[in-house]
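Overview (structure and organization)
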Amino acid sequence: MPSSNQNPVGNSKAAKFVNSNPLAPLADPFAGMGDDSKELHKEVSDNVQSRLTKAMEELKEKHRTGTNEVDDIDRAPTGAAYKALHQHQRQQARAANAAREQADARERD
């Protein structure tokens, strides 16, 4: 009976492949780190977490007291700023149309 090479052994090409899990580094990201690296990672992680916490507290306080930034037309307008800009543009267009109609009326007279 011929061999099937399903379980290769020895020096065959198939025997050189290693069965590995490509997601293993995600499961244990600190596997290759020494104790110093782990401490550094923990320090950086704590620092980032404290900054995020402080920023969130500042945002909460701004919204609670009503001192958060109001929509600015020149800086990424949203909501009410779009409405105000659109209203201003319509008023300018109406004024330009009225001036044009007056000029046309004068020319006809």
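Just so you know, the residues in each chain are numbered from 1, in the order the chain's sequence is written. Selection of residues for local features in this predicted model requires a pLDDT of at least 70, selection of side-chain atom pairs for listing and counting requires 80 or more, and totals for whole chains, interfaces and linings are taken over all residues. For the side-chain quantities, the full set of heavy atoms in the structure was used; hydrogens and water were omitted.

Once that is clear, we can look at the overall build of the chain. When helices and strands are counted, the chain shows three helices and zero strands. Put simply, DSSP marks the helices as runs of H or I at least four residues long and the strands as runs of E at least two long, and each gets a number from the N terminus on. Listing every helix and strand of the chain by position from the N terminus yields α-α-α. We call a residue buried when its accessible area falls under 20% of the maximum for its residue type, exposed when it is over 50%, and partly exposed in between, using a 1.4 Å probe and counting protein chains only. Looking at the chain as a whole, 2% of its 109 residues qualify as buried. Surface accessibility of the chain: about 10,400 Å² in total, with carbon and sulfur atoms responsible for 53%. Every accessible area reported is derived by Shrake-Rupley at a probe size of 1.4 Å, with residue values counting cover from the shown protein chains alone.

With that settled, consider the confidence of the model for the chain. pLDDT is a residue-level measure of predictor confidence that goes from 0 to 100. Residues at a pLDDT of 70 or more form 61% of the chain, whose mean pLDDT is 76. Ranking the elements of the chain by mean pLDDT puts helix H1 (residues 24–27) last with 67 and helix H3 (residues 80–108) first with 89.

On the surface, Leu40, Val44, Val48 and Leu52 cluster together into a nonpolar patch covering about 370 Å² of accessible area. In this fold, Val48 is placed in helix H2 (residues 35–65). Every patch collects residues that have over 30% relative accessible area and no salt bridge, joining them within 9 Å if they carry like charges and within 5 Å if they are nonpolar side chains (Val, Leu, Ile, Met, Phe, Trp, Tyr). Whenever Lys or Arg places a side-chain nitrogen within 4 Å of a carboxyl oxygen from Asp or Glu, that contact is recorded as a salt bridge.

When their charged atoms lie close together, side chains carrying opposite charge are able to pair. Taken as a whole, this structure holds three salt bridges when the rule is applied. In this structure, the salt-bridge partner of Lys60 is Glu57, at a minimum N-O distance of 3.8 Å. In this pair, Lys60 and Glu57 both sit in helix H2, three residues apart, roughly one turn of the helix. Given the relative accessible area of 52%, Lys60 is considered exposed. Where Glu61 meets Arg64, a salt bridge forms, and the shortest distance between an N and an O atom there is 2.6 Å. Within this pair, Glu61 and its partner Arg64 are both found in helix H2, separated by three residues, close to a single helical turn. For Arg64, a relative accessible area of 62% corresponds to the exposed category.

For a helix, the expected span equals 1.5 Å multiplied by the residue count minus one. Taking 1.5 Å of rise per residue, 31 residues should cover 45 Å, and H2 covers 45 Å from first to last C-alpha, within 8% of that figure. Once H2 ends, the next one or two residues include Gly66, with phi positive near 80 degrees.

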